[in-house]
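The chain contents come next:
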Number of protein chains: 2
Amino acid sequence: MKIAIIGSGALGLYYGAMLQRGGQEVHFLLRRDYDAIISGGLRVHSINGDFYLPAISGHKTSDTIGPVELVIVGLKTFANGFIYDLIKPLIGADTKILTLQNGLGNEEILAELFGAERILGGVAFLCSNRGEPGHVHHLGAGRVIIGEYSKNDNMRLELIAACFSSAGVECKTTDDLKKARWEKLVWNIPFNGLCALLQQPVDKLLEAPGCRKLVRDLMIEVITAANAQNLSQAISEVYADEMLEFTDGMGEYKPSMQIDREEGRKLEIQAIFRVPLEYGGQHDISMPRIEMLAVLLEQGQGSAAPP
Amino acid sequence: MKIAIIGSGALGLYYGAMLQRGGQEVHFLLRRDYDAIISGGLRVHSINGDFYLPAISGHKTSDTIGPVELVIVGLKTFANGFIYDLIKPLIGADTKILTLQNGLGNEEILAELFGAERILGGVAFLCSNRGEPGHVHHLGAGRVIIGEYSKNDNMRLELIAACFSSAGVECKTTDDLKKARWEKLVWNIPFNGLCALLQQPVDKLLEAPGCRKLVRDLMIEVITAANAQNLSQAISEVYADEMLEFTDGMGEYKPSMQIDREEGRKLEIQAIFRVPLEYGGQHDISMPRIEMLAVLLEQGQGSAAPP
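Residues numbered from 1 in each chain as written. Chains lettered and ligands numbered in written order. Predicted model: local features only at pLDDT ≥ 70, side-chain atom pairs only at ≥ 80, totals over all residues. Heavy atoms only, no water.

With respect to the interface of chain A and chain B
Put simply, the test is: Residue contacts are defined here by distance: any two heavy atoms, one from each residue, within 4.5 Å place the two residues in contact. Buried area: the accessible surface (1.4 Å probe) lost by two parts on joining, summed over both. One speaks of a salt bridge when a side-chain nitrogen belonging to Lys or Arg is within 4 Å of a carboxyl oxygen belonging to Asp or Glu. We call two N or O atoms a polar contact when they sit within 3.5 Å, provided that within protein one can donate a hydrogen and the other can accept it, with sequence-adjacent residues counted only if both atoms are side-chain atoms. Numbering of helices and strands starts at the N terminus; helices are DSSP runs of H or I of at least 4 residues and strands are runs of E of at least 2.
Facing the 20 residues of chain A at the interface are 20 residues of chain B. Between chain A and chain B lies a buried interface of about 1,800 Å² when both sides are counted; carbon and sulfur atoms form 77% of it. Per-residue buried area on chain A facing chain B is highest for A:Met292, A:Leu296 and A:Gln299; these three make up 33% of the total on that side. Along the contact surface separating chain A from chain B lie zero salt bridges. Applying the counting rule to chain A against chain B returns four residue pairs in polar contact (both at pLDDT 80 or more). Secondary-structure elements contributing two or more residues to the side of chain A that touches chain B are helix H6 (177-198), helix H7 (202-207), helix H8 (209-226) and helix H12 (288-300) of chain A.

Right, dumping it as structure tokens:
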């Protein structure tokens, strides 16, 4: 399958590398890592074993990639304003777009721009960080859950899942993408938010009983809002405890938003906080802690007014 | 009146200087400023006009002060563990102790150690900061409200109020010290907490609509908890708006807790947050934002477990 990776950060580089090693024809849109990867290839430092891809099809613009069968979007959501220009040259008659971005609202933006029938979404449970240019670090987990946004085409969904699986990435499909997205938020909202605000990795938050309780209280607010969204099945509170245990195994992992703040980048507050708050608010769900965390993050990065 | 100032920080130095200039016999227990004040006196830089006191009765221990008529306590509440040794030498048959410390629980500690009948409490609406040793800056406001803790002795209360008033410090008396303390918390909880957490002065918080709303939401939680405490009169929500307006006039003021954090000192989380949360919790008042702010401050200063 001819695949384009748009947004070659920690997530895009890792999955792109796995898919290429798995035999797919992968093209990367590169910015920071372009020179390093063109001259020296891409090195993946993985808990499952390091590997090296000497020859990468790297591009500075999407025009030189041309139409593909699958676009995988790993772009930071605050860059969604550029997404039309980045993806337009990749679109052919049958191109599918799979967004693995964080939070809510990304499929909607892509559907508006390129037609809902092309759009798939997925959530990635991946611990990875970028290293020096040309290096990506896979620190843990990595499984992906993907689903159709509006079309009901089980065959193409299974085909994409098979690409991931045969490349060594655990990939499940779901009939309820919305539920998968909200389940991911159960993790993203407390950990991205609190780690970025306090500049502390996940283990630091979980070792303090008061803060561990706050993490769980935030999770319960997410679950309550999720269960007002007409999901195929309610998310149980047990899921919060499972996520706490899952995270206990991560050690001193820094979520992406913590790294974004450390490095002075914009934070994904809109997709991870504001859209979920809006969807919860539409059903009169009280989310005082999530609202407070969003305000504190906005205030901390100096973007005073909520969008 | 022979007065001892215990805790000669921004508050103790300012009120002590005012009282001495007003004709009282004031003795200061000094630590950081001892050498500077003994050799060079105390300079007050005030919005109401600067003044200079060349001769100060400064002491390194309370023993050399001996029994006084009035002890004014301006100590940081996290130093309450030392309060018995600091005050014991000052106690005579008729000594009164007035605590102007932040938060809740201070009169209770003093009552336990020295007898409830000696204890008075007060809240200070004072914007002041310490400068170089020997200098204190009075940036705004300054009025004090004082009340009896348990005894009902209106005459001695009025006498102490008169000392302040005749020294140029606006001082009112109250029959309901508890209400005055909670009213002060309506300001202290949001502003001390958020300014310390975000390391931003009060004007920065108030100019962002989302953060201004959070400040007000925190104030309403304090008011709700206060009104469960059997006060002589309920605190109205209008008080929150008055406090917001009052604070709009402060400019880029840094509350004491923000400065404590900047300078790496312990924060007064117990007196300003944990005791009020406990009192609110005893009446099943929901205070999710205050609880979250307390946890974030504890987590931020590395004091993981709530006391």
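Structure's up, so let's keep going.
Let's talk about the pairing of strand E1 (residues 2-6) of chain B
Residues and elements named next belong to chain B. Operational definition: For each residue, the accessible area found with a 1.4 Å probe, counting protein chains only, is set against the maximum for its type, and the residue is called buried under 20%, exposed over 50%, and partly exposed in between. Paired strands, in this sense, are two strands between which DSSP finds at least two bridges. Orient the strands so they point away from the viewer; a crossover is then right-handed if the path from the first strand over the helix to the second runs clockwise.
Along E1, five of the five residues are buried, which leaves the element largely enclosed by surrounding structure. Burial along E1 is two-sided: Lys2, Ala4 and Ile6 facing one way and Ile3 and Ile5 facing the other are all buried. As paired strands, E1 and strand E2 (residues 25-29) are joined by four bridges and run parallel to one another. Of the residues in E2, the one forming a bridge with Lys2 is Glu25. Running through helix H1 (residues 10-21), the crossover from E1 to the neighbouring parallel element E2 is right-handed.

With respect to the confidence of the model for chain A
What counts here: Per residue, pLDDT measures the predictor's confidence, with a range of 0 to 100.
For chain A, per-residue confidence averages 95 on the pLDDT scale, and 98% of positions sit at 70 or higher. The low-confidence segment residues 303-307 of chain A, where pLDDT is below 50, has nine contacts with residues more than four positions distant or belonging to other chains.

Regarding the relation of the copies chain A and chain B
Formally: Alignment of the copies relies on least squares applied to C-alpha atoms, considering only residues that score at least 70 for pLDDT in both.
Here chain A sits on chain B after a turn of 180° about the axis and a move of 0.0 Å along it, with an RMSD of 0.0 Å. Each copy turns onto its partner about a two-fold axis. Relative to the rotation axis, the C-alpha of A:Arg289 is the closest in chain A, positioned 3.2 Å from it. Both copies share a contact surface, since 100% of the interface residues of chain A are interface residues in chain B too.

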